[in-house]
Amino acid sequence: MNRAMAGPVRPGRLAQFASRLASPIALLVIWQIASMTGLLSPRILAGPGDIVATASRLIAAGELINGLIVSFLRVLAGFSIALVAGIVLALISGLSRFGEAVIDPPIQMLKAMPFLGLLPLFILWFGIGEIPKIGLVAFGAIFPIYLTLYGGIRGIDRKLIEAGQTMDLGTTSIICHIVIPGALPSLLVGVRYGLSVAWLSLVVGEQINAASGIGYTISYARDFMQTDVIVVCLLVYAILGLLTDGLVRMIEAYALRWRPEVFG
Amino acid sequence: MIPLVDIRQLTRSFGGAAVLDGIDLAMAPGEFVALLGRSGSGKTTLLRILAGLDTAAAERLQLTTRRSVVFQEPRLLPWKSVIDNVALGLRHPDARTLATHALEEVGLSHRIDAWPLTLSGGEAQRSALARALVREPELLLLDEPFASLDALTRLRMHELVLALWRKHSPAVLLVTHDVWEAVALADRILVLDQGHFIREINVDIDRPRRRDDPRTGRIEAALLEELGVLPTQD
């Protein structure tokens, strides 16, 4: 009885972690064996051992790092544009009825469009340089940022604004102290989602007519059927995505430290 | 001299239905008034008008602008620490010192830097009380501020409000549906029903008032009858 009340005996965290690692490791082993026995041709998919070797070769040659920096700067530029434009637009339409009437309908219409399909148009308009790639990233990322911040502003508790009015706060103070901090949790969700869309747009944008960046390395490797290089590049995309997401999570943990911890 | 509250023939209706109908109300400086009524009697509407959160038609409507409000929910900004909530909007070079002092007065000096969502219900309402009093109001409006607290905490809050009222002597308008709360705290009790004042009782009993005092018992019984609840025999 006492044991039951104390709860079930918890396995150690390490053991739990190890049990979750078991099946991915098994898959890797099967993959490696299949490659070594010739069951899986390197033209279809290179084996894990070859991929690791290729990764270290690419890193040593500096090719991977250069591509990584170029790709990262493209996401940085496009996402920054999306962040600034998305926040400005959401503030205008979230804070004024007139702004909402002007800004919200066109954004809702554009949102309905599959934005990756815009790439041919972007190429026609901007050529094949950096602009269509950065533009595609910005265009994809702006919607989650705009929509979440706009929703956050509209969802502010009226009662808090009333409390502010009874404290003789002016409109500017109410916006700065109540509306914006209140909408911040939603905005940060939009930023994380927007970042994942930004990476996705970059992958698509870089496949076409890139002369540098990870996408360029991928299309070059495709022409020579180097599946190992393609997989390495995909892993780099994944790692970059995880890193930027982790960065936003850190910002979130600091900016939203007033929220009680759900898992204490 | 401009009176704190001077209202003549105030009417407020929502969609054609009058919630307040011909209200007269005057309050003297430092007076503690309780406004008692059932749900939907219009008492919160009247408080919102006094707080400047709602408008109404009236023959005369004069109100002090030095007023502050404590609502039923604490309404603290969760993203600001307790002291920043209290100091917010204070136009004073030493706002934080004033806020610290106000929090000491309500017994929260140990929770100054806490986040509001980590406070207990009673602590949050005490913070809200500090936030209202730090503005040194002439008129303190209390909208059922103790309704969602447990009975023991509520009794402690009664003592605290009386102590702070004695010290700062603002006029207080307490909206409540708790008959004992009105009898224990107020100089004057107004009963609101369907938009009219139907009864006014002056409570000339020294504080602290005891519930087993026959005089408070008589007032409580009269009020319960006015509210349509028959007093029980015991």
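The rules behind the values
Every chain begins its residue count from 1, and numbering advances along the sequence as written. Labels follow written order: the first chain is A, the first ligand is 1, and so on. For this predicted model, a pLDDT threshold of at least 70 governs which residues receive local features, and a threshold of 80 or more governs which side-chain atom pairs are given and counted, while totals over whole chains, interfaces and linings are taken from all residues. For helices the rule is a DSSP run of H or I covering at least 4 residues; for strands it is a run of E covering at least 2, with both sets numbered from the N terminus onward. Using C-alpha atoms as the atom set, the radius of gyration is obtained and then compared with a globule rule of 2.2 Å times the number of residues to the power 0.38. In this scheme every C-beta is placed from the backbone, and a residue whose C-beta has 20 or more other C-beta atoms within 10 Å is buried, one with 12 or fewer is exposed, and one in between is partly exposed. Contact between residues is assigned whenever the C-beta positions, reconstructed from backbone atoms, fall within 7 Å. A pair of strands is labelled paired if DSSP reports no fewer than 2 bridges between them. A set of buried Ala, Val, Leu, Ile, Met, Phe, Trp, Tyr and Cys residues, joined through C-beta atoms within 7 Å, is what we mean by a nonpolar core. These domain limits were set by an automatic method or by a database of domain assignments. Consider the strands pointing away from the viewer: the crossover is right-handed when the path from the first strand over the helix to the second runs clockwise. Any residue that is not Ala, Val, Leu, Ile, Met, Phe, Trp, Tyr, Cys, Pro, Asp, Glu, Lys or Arg is counted as polar, Gly included; the first ten are nonpolar and the last four charged. The axes are straight lines fitted to the C-alpha atoms, using for helices just the contacting stretch, and the angles between their N-to-C directions are given from 0 to 180°. Under this scheme an angle from 65 to 115 degrees is roughly perpendicular, one under 35 degrees roughly parallel, and one over 145 degrees roughly antiparallel; angles in between are oblique. By definition, pLDDT measures how confident the predictor is in each residue, and it falls between 0 and 100.

Novice: Is there a simple way to think about the overall build of chain A in this case?
Specialist: The secondary structure content of chain A amounts to 11 helices and 0 strands. Listing every helix and strand of chain A by position from the N terminus yields α-α-α-α-α-α-α-α-α-α-α. In terms of overall dimensions, chain A is more spread out than a globule: its C-alpha atoms have a radius of gyration of 24 Å, far above the 18 Å expected for 264 residues. Projected onto its principal axes, the C-alpha coordinates of chain A cover approximately 75 × 75 × 30 Å. Counting across all 264 residues of chain A, residues that qualify as buried make up 31%. Long-range contacts, defined as pairs at least 24 residues apart, comprise 72% of the intrachain contacts of chain A with a sequence gap of at least 6.

Novice: So what exactly am I meant to see when it comes to the pairing of strand 8 (residues 188-193) of chain B here?
Specialist: Regular strands place their side chains on alternate faces of the sheet. Residues and elements named next belong to chain B. Bridge count for strand 3 (residues 32-37) against strand 8 is 5 bridges, and the pairing is parallel. Paired with Leu36 across the strands is Val191, a residue of strand 8. Bridge analysis of strand 8 against strand 9 (residues 196-202) gives 6 bridges, and the strand direction is antiparallel. Considered in strand 9, the bridge of Val191 is made with Arg199.

Novice: When you look at the nonpolar core in this model, what are you seeing that I'm missing?
Specialist: If you look at the biggest cluster of nonpolar residues, it comprises 97 residues, and the most contacted ones within it are B:Leu35, B:Leu36 and B:Leu173. Looking at this core element by element, the count peaks at 14 residues for helix 7 (residues 130-154) of chain A. Lining this core are residues from two domains, each supplying at least three of them: domain 1 (1-66 + 137-234) and domain 2 (77-136) of chain B. B:Leu35 has contacts with B:Lys43, B:Leu46, B:Leu173, B:Leu174, B:Val175, B:Leu190 and B:Leu192, leaving out every residue within four places of it along the chain. Core analysis: the next-biggest nonpolar cluster, separate from the first, contains 11 residues, A:Leu58, A:Leu64, A:Ile214 and A:Ile218 among them.

Novice: I'm lost on the pairing of strand 7 (residues 171-176) of chain B in this one. Help?
Specialist: All names here are of chain B. Strand 7 sits mainly inside the fold: 6 of its 6 residues count as buried. A two-sided burial pattern is seen for strand 7, the buried positions comprising Ala171, Leu173 and Val175 on one face and Val172, Leu174 and Thr176 on the other. As judged from the 5 bridges shared by strand 3 and strand 7, these two strands associate in the parallel manner. Looking at strand 7, one finds that Val33 is bridged to Leu173. What joins strand 6 (residues 139-143) to strand 7 is helix 5 (residues 151-168), and the crossover it makes is right-handed.

Novice: Got a minute to help me understand the domain arrangement of chain B in this structure?
Specialist: You'll often see interface size given as the accessible area lost when the parts meet. Residue and element names in this part refer to chain B. The domain boundaries assigned to chain B delineate domain 1 (1-66 + 137-234) and domain 2 (77-136). Between the C-alpha centres of domain 1 and domain 2 the distance comes to 25 Å. Contact residues are listed per partner, giving 10 residues for domain 1 and 9 residues for domain 2. The leading source of residues in the side of domain 1 that touches domain 2 is helix 5, at 5 residues. Here the residues of the side of domain 1 that touches domain 2 sort into 7 nonpolar, 3 polar and no charged.

Novice: Before we go on, may I ask you to explain the environment of B:Lys43 in this structure?
Specialist: All names here are of chain B. Looking at where Lys43 falls in the secondary structure, it is placed in helix 1 (residues 43-51). Each C-alpha atom of the pair Lys43 and Arg8 lies 16 Å from the other, and the pair is 35 residues apart in sequence. Residues in contact with Lys43, not counting those within four places in the same chain, are Leu35, Gly37, Val175 and Leu192.

Novice: Just checking my understanding: could you explain the sheet that holds strand 2 (residues 17-27) of chain B for this structure?
Specialist: Each strand in a sheet pairs with its neighbour through backbone hydrogen bonds, running either in the same direction (parallel) or in the opposite one (antiparallel). Residues and elements named next belong to chain B. Strand order in the open sheet formed by 3 strands is 2-1-4, and the pairing between neighbours is antiparallel. Of all strands in the sheet, those with a lone pairing partner are strand 2 and strand 4 (60-63), marking the two edges. Averaged over all pairs of adjacent strands, the angle between strand axes in this sheet comes to 35°, irrespective of strand direction. The sheet contact formed by strand 1 (residues 5-14) and strand 4 spans 4 bridges and is antiparallel. Its bridge partner being in strand 4, Val5 is matched across the sheet by Leu63. Of the strands in this sheet, strand 1, strand 2 and strand 4 are in contact with helix 1, which crosses strand 2 at around 55°.

Novice: Mind showing me how you'd approach the packing of helix 3 (residues 48-61) of chain A against helix 4 (residues 63-95) of chain A here?
Specialist: Relative placement of two packed helices is described by the angle separating their axes and the distance separating the axes. All names here are of chain A. Close contact between helix 3 and helix 4 brings their axes to 4 Å; oriented N to C, the two are set at 75°. As summarised for this structure, helix 3 and helix 4 are arranged roughly perpendicular, according to the angle between their axes. In contact with Leu58, Ile59 and Ala61 of helix 3, helix 4 contributes Glu63, Leu64 and Ile65. Counted by class, the contact of helix 3 with helix 4 contains 5 nonpolar, no polar and 1 charged residues.

Novice: Quick question: what am I supposed to make of the interface of chain A and chain B here?
Specialist: Counting from both sides, the interface comprises 16 residues of chain A and, opposite them, 15 residues of chain B. Contributions of two or more residues to the side of chain A that touches chain B are made by helix 8 (158-166) and helix 9 (171-207) of chain A. In terms of residues, the side of chain A that touches chain B owes the most to one element, helix 8 of chain A, which gives 6 residues. Along the lines of polarity and charge, the residues of the side of chain A that touches chain B split into 8 nonpolar, 4 polar and 4 charged.

Novice: Help me understand unusual backbone geometry, please; the structure alone is not making it clear to me.
Specialist: Backbone phi values are negative for most residues with the exception of glycine, while trans is the configuration of most peptide bonds. Residue and element names in this part refer to chain B. Each neighbour pair has its own omega, and for Arg207 with Pro208 the value is 0°, a cis peptide bond. The phi dihedral of Gln194 falls on the positive side, at around 50°, and the residue is not glycine. Of note, Gln194 is situated in the loop between strand 8 and strand 9. Classification of Gln194 as partly exposed rests on a count of 14 C-beta atoms within 10 Å.

Novice: Got a minute to help me understand the confidence of the model for chain A in this structure?
Specialist: Note: predicted coordinates in regions of low pLDDT should not be interpreted at a detailed level. Per-residue pLDDT for chain A has a mean of 90; in total, 95% of the residues score no lower than 70. Of the regions scoring below 50 in pLDDT, residues 1-7 of chain A engages in 0 contacts with residues more than four places distant in sequence or in other chains.

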